[in-house]
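Fold and contact review
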Amino acid sequence: MVVVMSADAEEADVQAVVTVVEGAGGEAFVSRGVNRTIIGLVGDVEQFGTLNLNALRGVSDVIRISAPYKLVSRENHPDRSVVRVGGVPIGPGTMTLIAGPCAVETPEQTLQAARMAQAAGATLLRGGAFKPRTSPYAFQGLGEKGLRILADVRAETGMPIVTEVVDANDVELVASYADMLQVGTRNMQNFALLQAVGGIGRPVMLKRGMNATIEEWLMAAEYIAQRGNLDIVLCERGIRTFEKATRNTLDISAVSVAQRLSHLPVIVDPSHSGGRRDLVLPLTRAAIAVGADGVIIDVHPSPESALCDGPQALVDDDMRELAATVRALPPIVGRTLTTV
Ligand code: PEP
Ligand code: MN
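- As annotated in an unreviewed UniProt entry, the protein chain is 3-deoxy-7-phosphoheptulonate synthase from Actinoallomurus spadix.

1. Describing the pattern of salt bridges
- Taken as a whole, this structure holds 15 salt bridges when the rule is applied.
- The shortest N-O distance in the salt bridge between E11 and R32 comes to 2.8 Å. Of this pair, E11 sits in helix 1 (residues 11-23) while R32 sits in strand 2 (residues 27-32), placing them 21 residues apart in sequence.
- Classification of E11 as partly exposed rests on a relative accessible area of 40%.
- Close ionic contact of D269 with K207 constitutes a salt bridge, the shortest N to O distance being 2.7 Å. One end of the pair, D269, is in the loop between strand 13 (266-268) and helix 9 (270-274); the other, K207, is in strand 11 (residues 204-207), and 62 residues separate them in sequence.

2. So, the coordination of the manganese ion (ligand 2)
- Coordination of the manganese ion (ligand 2) by the protein comes from C102 (SG), H272 (NE2) and D309 (OD), over a distance range of 1.9 to 2.3 Å.
- Here the donor residues for the manganese ion (ligand 2) map to a single chain with the spacing C-x169-H-x36-D. Taken together, the positions of C102 in the loop between strand 7 (94-100) and helix 3 (107-119) and H272 in helix 9 put the pair 170 residues apart, joining distant regions of the chain.
- The buried category is assigned to C102, whose relative accessible area is 4%.

3. What about the sheet that holds strand 2?
- A sheet is described by the order of its strands in space; here four strands give the open sequence 2-3-1-4, paired in antiparallel fashion. Edge positions in the sheet fall to strand 2 and strand 4 (59-63), since each has one partner strand and no second. Here the average twist between neighbouring strands, direction ignored, is 20 degrees.
- Of the strand pairs in this sheet, strand 1 (residues 2-5) and strand 4 are connected by four bridges, and their pairing is antiparallel. By the bridge assignment, M5 is partnered in strand 4 with V59.
- The strands touched by helix 1 are strand 1, strand 2, strand 3 (37-42) and strand 4; relative to strand 2, the strand with the most contacts, the crossing angle is about 160 degrees.

4. What to know about the site of ligand 1
- Taken together, C102, R126, K131, E164, Q182, G184, T185, R186, K207, R237 and H272 form the complete shell of residues around ligand 1.
- A distance of 2.8 Å separates an oxygen atom of ligand 1 from a polar atom in the side chain of K131.
- Within the contact set of ligand 1, an oxygen atom lies 2.6 Å away from a side-chain nitrogen or oxygen of R237.
- Compared with its free state, where it exposes 300 Å², ligand 1 has 97% of that area covered by protein.
- The site holding ligand 1 turns out to be the largest pocket.
- Here the shell around ligand 1 is built from residues that sort into one nonpolar, four polar and six charged.

5. Structural notes on the packing of aromatic side chains
- Tallying each qualifying case throughout the model produces one aromatic pair.
- For the ring pair F191 and Y223, a centre distance of 4.5 Å and an interplane angle of 25 degrees mean the geometry is stacked. Placement of the pair is F191 in helix 6 (residues 191-198) and Y223 in helix 7 (residues 214-226), with a sequence separation of 32 residues.
- Taking the relative accessible area as the measure of exposure, Y223 reaches 29% and is therefore partly exposed.

6. Observations concerning the UniProt feature "domain: DAHP synthetase I/KDSA" (unreviewed entry) in the protein chain
- Per the UniProt record, the feature "domain: DAHP synthetase I/KDSA" (unreviewed entry) sits at residues 87-326.
- Span residues 87-326 is 38% helix and 16% strand, its end C-alpha atoms 20 Å apart.

Quick notes on the rules
Residues numbered from 1 in each chain as written. Chains lettered and ligands numbered in written order. Predicted model: local features only at pLDDT ≥ 70, side-chain atom pairs only at ≥ 80, totals over all residues. Heavy atoms only, no water. Salt bridge = Lys/Arg side-chain N within 4 Å of Asp/Glu carboxyl O. Helix = DSSP H or I, 4+ residues; strand = E, 2+ residues; numbered from the N terminus. Buried < 20%, exposed > 50% of the residue type's maximum accessible area, 1.4 Å probe, protein only. Donors = N, O, S within 2.8 Å, 3.2 Å for Na, K, Ca; no water. Pairing = 2+ DSSP bridges. Axes fitted to C-alpha atoms, helices over the stretch in contact; angles between N-to-C directions. Contact = heavy atoms within 4.5 Å. Near = heavy atom within 4 Å. Polar contact = N/O pair within 3.5 Å; in protein donor to acceptor, adjacent residues only side chain to side chain. Areas by Shrake-Rupley, 256 points an atom, 1.4 Å probe, with all protein chains shown as cover. 1 Å grid on protein atoms, 1.4 Å probe; cavity = no way out; pocket = protein on both sides within 12 Å on 5 of 7 lines; lining within 4 Å. Sits in = over half its atoms within 2 Å of the grid points. Nonpolar A, V, L, I, M, F, W, Y, C, P; charged D, E, K, R; others polar. Phe/Tyr/Trp six-rings, centres within 6.5 Å; stacked < 30°, edge-to-face > 60°. UniProt positions renumbered as here; feature names shortened; annotations may be inferred.

Structure representation (structure tokens):
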């Protein structure tokens, strides 16, 4: 941590900072420049944060140099992590395809979508039973009945399940069916939910909040990690910008940035980013090219009658191209499609 003194700070102001820091058990190294003095602090950064150094006379700025997240940071964990979901790896060296319907609607629809996904190379099945919908009048998901359908489809196809949990009170229930719990964009800063999924002993896919900075996203992951769960996969799903042509703006650079700052795997959701079927394959190519550890894609056997997000679901016609893409592109960036 560095304390920058203002140009008119007096020697007594500098000494006051040194006294406070040393009083808290830290060390303070003073460098006097031509115009300003800066003080480098060594010690417990979290404790320095409680000292209110900003409020001392003559202090112009207090700058934190180390990351505020620890457990998910790459600073203390240089190797990138692999998270295993029901035996399926997500992490460096591989590119994992997760696909399935946005929402579980019926056993037939879920099984058909899973078969489409599997034929294209997906090794994990996505599908929402609890749906966080903007409108209270929209389909809210089948709840536990949907989880039972997912479990049946897992038994039929062998695909482990990724499904969303929207309420801390449902974490135990959802975890009793799911292989990976999904925390959606709207809940990225639902701290009670983050702590609950951190304590349940299942891998978690944490979507980036649509208005969240990368640092806020990693701090949300830190909440999960702090409860003892480091099996976290970050998912970039697009952020809100002024652009209206797409549902969200896929922040493709966030994949590389997050992979540099954190050891956790980072995947991309091209379906919820673009929000349009015709953009899903181009954005998938972009995600693989940038080095994403996986992609999560909406597919539906008949999107025209889908109860949720039909316009962005891939259909049968698209699946051949998806299959070719996820096989051909990863080797160019040193990865192979995850198989079981
Ligand atoms: C979803 O994946 O079904 C979903 C609701 O995504 P998001 O939280 O990114 O909107
Ligand atoms: Mn959706």
